[in-house]
Amino acid sequence: MATEKKEPQARGPLVYRQSVWTRVTHWVWAICLFFLLLSGLQIFNAHPALYIGQQSGFEFENAVLEIGAVNTPEGPRGRTTVFGQTFDTTGVLGMSGTAEAPQYVGFPGAVTIPSFRDLATGRVVHFFFGWVLVAALFVWFLASFINGHLRRDIVPKGSDISGLPRDAADHARLRLRHGRRYSPLQKLSYFTVFFVLFPLIILTGLTMSPGLNAAWPWLLDVFGGRQTARTIHFGVMVLLVLFFIVHIIMVLLAGPLNELRSMITGWYRTSPGTPAEAGDKP
């Protein structure tokens, strides 16, 4: 009995989407942000509170976030206060570990580098990967300006802004199209990361350095003081973590093998119907 031959599944051409500069710096950023996040939480644990203003409050209250442990009739409990609202976060924030060996720290050792209290090592790791991140950003900006990646794929154009509502609706319905270029939502997201979040987290980090304050005192005025800069620095870190989570989810939904191939080899399989151009592969 003859078997029916299946027609090959329609697919678009392979396009060279990511340059070597984009691919290398992408993985450098991933490594840097991992170590920056965990070492940053180690530094934060030295004083697990955030303030608005030039200084932390002693005779006045200007904290927007406080993580710690308090004694209660039931024993020690972890408490987190956000804008005056207090939550019991025992086992996660303020107090973690086991009942036999509790840890009274802001963030548990499982998410800090080092995993034990060591502010000096945390600062060394944080500053090292911070400067590596800055160097990789400089290389990426220079290469992307020269090869046109910034103009083509990062800076949103008028057509991207007008197409943003439809693209957002398609993403919400998981109608993901694999195009030759980034979609409007991708462009806006990457533009926000590269031109807003990364500059903010770098500048607020510099603002917390007494040495940089002496050289560039205007940074304290721009960010409203060292304590405000520290709060902004922490807030931007949270936004970058949220971006990373959404980024990973979208990679999984869009096809992880295709997305990984793009960031390893540069070649990206487009959706059926994408017009082929010179240099594409079948």
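Higher on the page you've got the structure.
Described in the following lines is the structure provided in the data block. (Residues numbered from 1 in each chain as written. Predicted model: local features only at pLDDT ≥ 70, side-chain atom pairs only at ≥ 80, totals over all residues. Heavy atoms only, no water.)

**Quick word on unusual backbone geometry**
We count it as follows: Secondary structure elements follow DSSP: runs of H or I no shorter than four residues count as helices, runs of E no shorter than two count as strands, and numbering proceeds from the N terminus. Think of it in three bands: residues with accessible area under 20% of the maximum for their type are buried, residues over 50% are exposed, and the middle band is partly exposed, with areas taken using a 1.4 Å probe on protein chains only.
Cis geometry marks the peptide bond from isoleucine 113 to proline 114; its omega dihedral reads -10°. Its place among the elements puts proline 114 in the loop between β7 (102-103) and α2 (119-147). We note that phenylalanine 83 has phi near 50°; this positive angle belongs to a residue other than glycine. Tracing the chain through its elements places phenylalanine 83 in the loop between β4 (75-82) and β5 (85-88). Judged by relative accessible area, which is 65%, phenylalanine 83 ranks as exposed.

**Thoughts on the sheet that holds strand β3 (residues 63-72)**
Formally: Should DSSP find at least two bridges between two strands, the strands are taken to pair. For helices, the axis comes from a line fit to the C-alpha atoms of the stretch in contact; other axes are also lines fit to C-alpha atoms, and the angle between any two N-to-C directions lies between 0 and 180 degrees. Throughout, a residue-residue contact means that at least one pair of heavy atoms, one from each residue, lies within 4.5 Å.
The antiparallel open sheet is built from four strands, whose spatial order is β2-β3-β4-β5. In the strand order of this sheet, the two ends are held by β2 (49-51) and β5, each with one partner. Within the sheet, the average angular offset between the axes of one strand and its neighbour, ignoring direction, is 30°. Pairing geometry for β2 and β3, over three bridges, is antiparallel. By the bridge assignment, tyrosine 51 is partnered in β3 with alanine 63. Along the sheet, helix α9 (residues 226-254) contacts β2 and β3; its crossing angle with β2, the most-contacted strand, is approximately 120°.

**Comments concerning the pattern of salt bridges**
Cut-off, in case you're wondering: Criterion for a salt bridge: a side-chain nitrogen of Lys or Arg within 4 Å of a carboxyl oxygen of Asp or Glu.
Inspection of the entire model under this criterion finds four salt bridges. A salt bridge links aspartate 280 to arginine 180; the shortest N-O distance between them is 2.8 Å. On the criterion of sequence distance, the pair formed by aspartate 280 in the segment after β8 (267-269) and arginine 180 in the loop between α5 (164-172) and α6 (184-207) is long-range, its members being 100 residues apart. Here the two residues aspartate 280 and arginine 180 agree in accessibility, since each one is buried. Salt bridges sharing partners connect three or more residues here, namely Arg180, Glu277 and Asp280.

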